[in-house]
Amino acid sequence: MIGRDYLLKKPSGPSAPKLFLDTQVVPLVANIAGGLEVALDRAAVRTGVRPAFILAGATGLLGFGLIRLLTHRAESRRSYRI
């Protein structure tokens, strides 16, 4: 429960980590997301393919690449144990 003492001692303004998050991280993530959306829209217009299909294909390729990378690492670890 927030008491009277807390309200009197509470610093004015946000803490340093929250200020960093609000002024640096959130705008950067928003700009990256906006850039990806514009790139997706442009690719959809140029190719004539719906953006959902482009996004699904890119996600599938990324997932496939990640699976291949992880299985390759697991295989290489097994070969060192021999």
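Note on numbering: residues in each chain are counted from 1, in written sequence order. Per-residue local features are limited, in this predicted model, to residues with pLDDT of at least 70; the limit for side-chain atom pairs, both in listing and counting, is 80 or more; totals at the level of whole chains, interfaces and linings are taken over all residues. The basis for every side-chain value is the complete set of heavy atoms in the structure, and neither hydrogens nor water enter the calculation.

Peer 1: Can you help me understand the overall build of the protein chain in this one?
Peer 2: From N to C terminus, the protein chain includes three helices and zero strands. Helix numbers and strand numbers start at the N terminus; a helix is a DSSP run of H or I with at least 4 residues, a strand a run of E with at least 2. Counting from the amino terminus, the protein chain carries its helices and strands in the arrangement α-α-α. Computation of the radius of gyration draws on C-alpha atoms alone. For the globule rule, the value is 2.2 Å times the number of residues to the power 0.38. Taking 12 Å as the expected radius of gyration for a compact globule of 82 residues, we find that the protein chain reaches 24 Å, considerably beyond that expectation. Taken along the three principal axes of its C-alpha coordinates, the protein chain extends 60 × 50 × 20 Å. On the protein chain, roughly 7700 Å² of surface is accessible, and the fraction owed to carbon and sulfur atoms is 66%. Averaged over its 12 positive side-chain charges, the protein chain has a centre that lies 8 Å from the centre of its 5 negative ones. Accessible surface is estimated by sampling points in the Shrake-Rupley manner with a 1.4 Å probe; for residues, cover comes only from the protein chains shown. Here the positive residues are Lys and Arg and the negative ones are Asp and Glu; neither His nor the chain ends is included. For charged residues, the charge sits on one atom: NZ in Lys, CZ in Arg, CG in Asp, CD in Glu.

Peer 1: Would you mind showing me how to read the environment of Thr-71 here?
Peer 2: With respect to the helices, strands and loops of the structure, Thr-71 is situated in helix H3 (residues 51-80). We define a polar contact as two N or O atoms separated by no more than 3.5 Å, with the added condition that, inside protein, one atom must be a possible hydrogen donor and the other a possible acceptor, whereas residues neighbouring each other in sequence contribute only through side-chain atom pairs. A distance of 3.1 Å separates a polar side-chain atom of Thr-71 from the backbone oxygen of Arg-68.

Peer 1: Can you help me understand helix H2 (residues 16-47) in this one?
Peer 2: Two residues of an α-helix separated by three or four positions point the same way, owing to the 3.6 residues in each turn. An ideal rise of 1.5 Å per residue puts 46 Å on 32 residues; H2 measures up with 46 Å between its terminal C-alpha atoms. Its axis deflected by about 35 degrees at Asp-22, H2 carries its strongest bend there. Downstream of H2 by one or two residues, Gly-48 has phi in the positive range, about 80 degrees. Helices are assigned an expected span. That span is 1.5 Å times one less than the residue count. Bend, in this description, refers to the angle at a residue between axes fitted to the seven residues ending there and the seven starting there.

Peer 1: Is there a simple way to explain a nonpolar patch on the surface in this structure?
Peer 2: Within this analysis, patches are made of residues with over 30% relative accessible area and no salt bridge. Like charges are joined at 9 Å or less; nonpolar side chains (Val, Leu, Ile, Met, Phe, Trp, Tyr) at 5 Å or less. Any Lys or Arg side-chain nitrogen located within 4 Å of an Asp or Glu carboxyl oxygen qualifies as a salt bridge. Side chains of Phe-20, Leu-21, Val-25, Val-26 and Val-29 sit close together on the surface and give an oily, nonpolar patch of about 420 Å² of accessible area. Locating Val-26 in the fold gives a position in helix H2. For Val-26, a relative accessible area of 44% puts it in the partly exposed group. Buried residues are those whose accessible area, probed at 1.4 Å on protein chains only, stays under 20% of the maximum for their type, while exposed residues exceed 50% and partly exposed ones sit between those limits.

Peer 1: Sorry, what's going on with the environment of Val-49 here?
Peer 2: Within the fold, Val-49 resides in the loop between H2 and H3. Assessed through its relative accessible area of 34%, Val-49 is described here as partly exposed. Those residues within four positions of Val-49 in sequence are excluded, and the remaining contacts are Ala-44 and Ile-54. Any two residues whose heavy atoms approach within 4.5 Å are treated as being in contact.

Peer 1: I would appreciate a short explanation of the packing of aromatic side chains in the present structure.
Peer 2: Both the distance between ring centres and the angle between the ring planes are used here to describe each pair of aromatic rings. Aromatic rings from Phe, Tyr and Trp, with only the six-membered ring used for Trp, were paired whenever their centres fell within 6.5 Å, and each pair was classed as stacked if the ring planes differed by under 30 degrees, edge-to-face if by over 60, and tilted otherwise. With the rule as written, the count across this model stands at zero aromatic pairs. Geometrically, a lysine NZ or arginine CZ counts as sitting over a ring once it is within 6 Å of the ring centre and also within 35 degrees of the ring normal. Over the aromatic face of Phe-53 sits the side chain of Arg-50, whose NZ or CZ is 5.2 Å from the ring centroid.

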